[in-house]
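# Structure assessment
Take a look at the letters that make up each chain.
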Amino acid sequence: METQRSRNRKGAKRRRAQGNEQNRDAKKSKSEPPGSSFLEKMKARLSGGHFRMINEKLYTCTGEEALDYFKEDPSLFNVYHAGYQAQMSQWPEQPVHKIIEWLQARSPSLTVADFGCGDARVAKSVKNKVFSFDLVSNDPDVIAGDMSNTCLDSSSVDVAIFCLSLMGVNYPNFLKEAYRVLKPSGWLLIAEVKSRLDPKTGGADPNKFIKAVCELGFTQVSKDFTNKMFVLFHFTKQEKPISKRKEIAWPELKPCIYKRR
Ligand code: SAH
């Protein structure tokens, strides 16, 4: 049978326990910002994992397979781009800004093709006519499809841009398409994740990459390795088509796989 004394002792214990819990909650709300609840952390972790999975898929399949992948579930494209922007926000400088600056310093009459445009930031930032291509279009200005086969006429644009978009294992086909649509002397701008072209970390030899692009029919104008996260190349399309096309030794570009944080 419970005595008055034991009831009092139990009551005191309960009050102490409640007090401890309140203390814990008070401490938590002081040290953690309001948006960092357990549920939100779990959601962020899940969508981070989802982003990494889609990213890996895009780097290990062809452009056509990537198109089918997003056709089956176009919402994956938004998951990918939310994760992509989260990654980019940690880069000290974004290559797309360098490319926009380059365009802004030139004539707005140059027509541009942005291959793998993402959220079409280039088109939104310059006065030029920009044809923006990506696998999915959430924007009336973006043309959806695999960029190895665009709707552009041959020799019709002045500038072709690949900003972190040489993702498919058949990336030479994307560059061949750029070669087709560029006018003679037209510009080819390529920004790529540095580790993909760093032999010290298992990436491709940048000189082999440059050689292959030149064999396709371009002249190298500049290479910029000064940025910590990306490399930037400028080429121009040669005036005269290459008469005898030999087999080009394209180096494999290492997939850019993001680590779990
Ligand atoms: N250039 C943009 C986005 C880079 S993310 C920027 O710098 O902000 C790379 C983009 O390339 C993604 O949006 C991806 O969907 C696109 N992409 C990859 N392979 C493609 C293909 N075969 N055809 C069209 N777009 C492709």
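Reading the values: rules and limits
Residues numbered from 1 in each chain as written. Predicted model: local features only at pLDDT ≥ 70, side-chain atom pairs only at ≥ 80, totals over all residues. Heavy atoms only, no water. Axes fitted to C-alpha atoms, helices over the stretch in contact; angles between N-to-C directions. Helix = DSSP H or I, 4+ residues; strand = E, 2+ residues; numbered from the N terminus. Contact = heavy atoms within 4.5 Å. Nonpolar A, V, L, I, M, F, W, Y, C, P; charged D, E, K, R; others polar. Near = heavy atom within 4 Å. Polar contact = N/O pair within 3.5 Å; in protein donor to acceptor, adjacent residues only side chain to side chain. 1 Å grid on protein atoms, 1.4 Å probe; cavity = no way out; pocket = protein on both sides within 12 Å on 5 of 7 lines; lining within 4 Å. Sits in = over half its atoms within 2 Å of the grid points. Buried < 20%, exposed > 50% of the residue type's maximum accessible area, 1.4 Å probe, protein only. Pairing = 2+ DSSP bridges. Core = buried A, V, L, I, M, F, W, Y, C linked by side-chain atoms within 4.5 Å. Points joined across faces, edges and corners; volume = space filled by probe spheres on them.

Turning our eyes to something else, we now look at the packing of helix α2 (residues 38-59) against helix α3 (residues 63-72). Look at α2 against α3: their axes get within 9 Å of each other, and the N-to-C directions meet at 145 degrees. Where α2 approaches α3, its residues M53, I54, K57 and L58 are matched on the opposing element by A66, Y69 and F70. Within the contact of α2 with α3, the residues separate by chemical class into 6 nonpolar, no polar and 1 charged.

Around the ligand, 18 residues are found, and the nearest of them are H81, G116, D134, D146 and M147. Between M147 and the ligand, the recorded distance is 2.9 Å, taken from a backbone N or O atom to a nitrogen atom. In this structure, the ligand is accommodated by the largest cavity. If you tally residues by element for the shell around the ligand, the top one is helix α4 (residues 75-88), at 3 residues.

Turning our eyes to something else, we now look at unusual backbone geometry. Leave glycine aside and you will find that most residues have negative phi; peptide bonds, for their part, are mostly trans. Positive phi values are uncommon outside glycine, yet L164 reaches one of about 55 degrees. Even without being glycine, S185 reaches a positive phi, approximately 70 degrees. For S185, the position within the fold is in strand β5 (residues 182-193). For S185, a relative accessible area of 33% translates into the label partly exposed.

With that settled, the discussion passes to the sheet that holds strand β1 (residues 112-115). Strand order across the open sheet formed by 7 strands is β3-β2-β1-β4-β5-β7-β6, with mixed pairing between neighbours. Both outer strands of the open sheet, β3 (142-144) and β6 (218-224), are each paired with one neighbouring strand and no more. Going across the sheet, the axis of each strand differs from the next one's by a mean of 20 degrees, ignoring polarity. For β6 and strand β7 (residues 230-237), the ladder comprises 6 bridges, and the chain directions are antiparallel.

With that out of the way, let us pick up the environment of A123. Secondary-structure assignment places A123 in helix α6 (residues 121-125). Look at A123 and you get partly exposed, because its relative accessible area is 22%. In this structure, the C-alpha to C-alpha distance between A123 and D141, residues 18 residues apart in sequence, is 8.3 Å. With near-sequence residues (within four places) excluded, A123 lies in contact with V130 and S132.

Here we come to the nonpolar core. Counting residues in each nonpolar core, the largest one holds 39 residues, and the members touching the most others are L58, F70, L103, V122, V159 and I161. Secondary-structure elements contributing two or more residues to this core are α2, α3, α4, α5 (95-104), β4 (157-163), β5 and β7. Within the second largest apolar cluster, 32 residues are counted, among which are L152, V181, L188 and F209.

For the rest of this paragraph, the subject is the side chain of D158. Within the element layout of this structure, D158 appears in strand β4. At 2.8 Å, the side chain of D158 and the backbone nitrogen of T111 are in polar contact. Those residues in contact with D158 that lie beyond four places of it in its chain are S109, L110, T111, L182, K183, G186 and W187.

Glancing now at empty space enclosed by the protein. A full pass over the atoms with the stated rule returns 1 cavity of 30 Å³ or more. Each pocket or cavity is described by its volume, and for the largest cavity that value is around 470 Å³. Taken together, 33 residues make up the lining of the largest cavity; nearest its centre are G116, C117, G118, D134 and S165. For the lining of the largest cavity, the secondary-structure elements that each account for two or more residues are α3, α4, α5 and α6. Considering every element that reaches the lining of the largest cavity, the biggest residue donor is α4, with 6 residues. When grouped by side-chain class, the residues that make up the lining of the largest cavity number 18 nonpolar, 10 polar and 5 charged.

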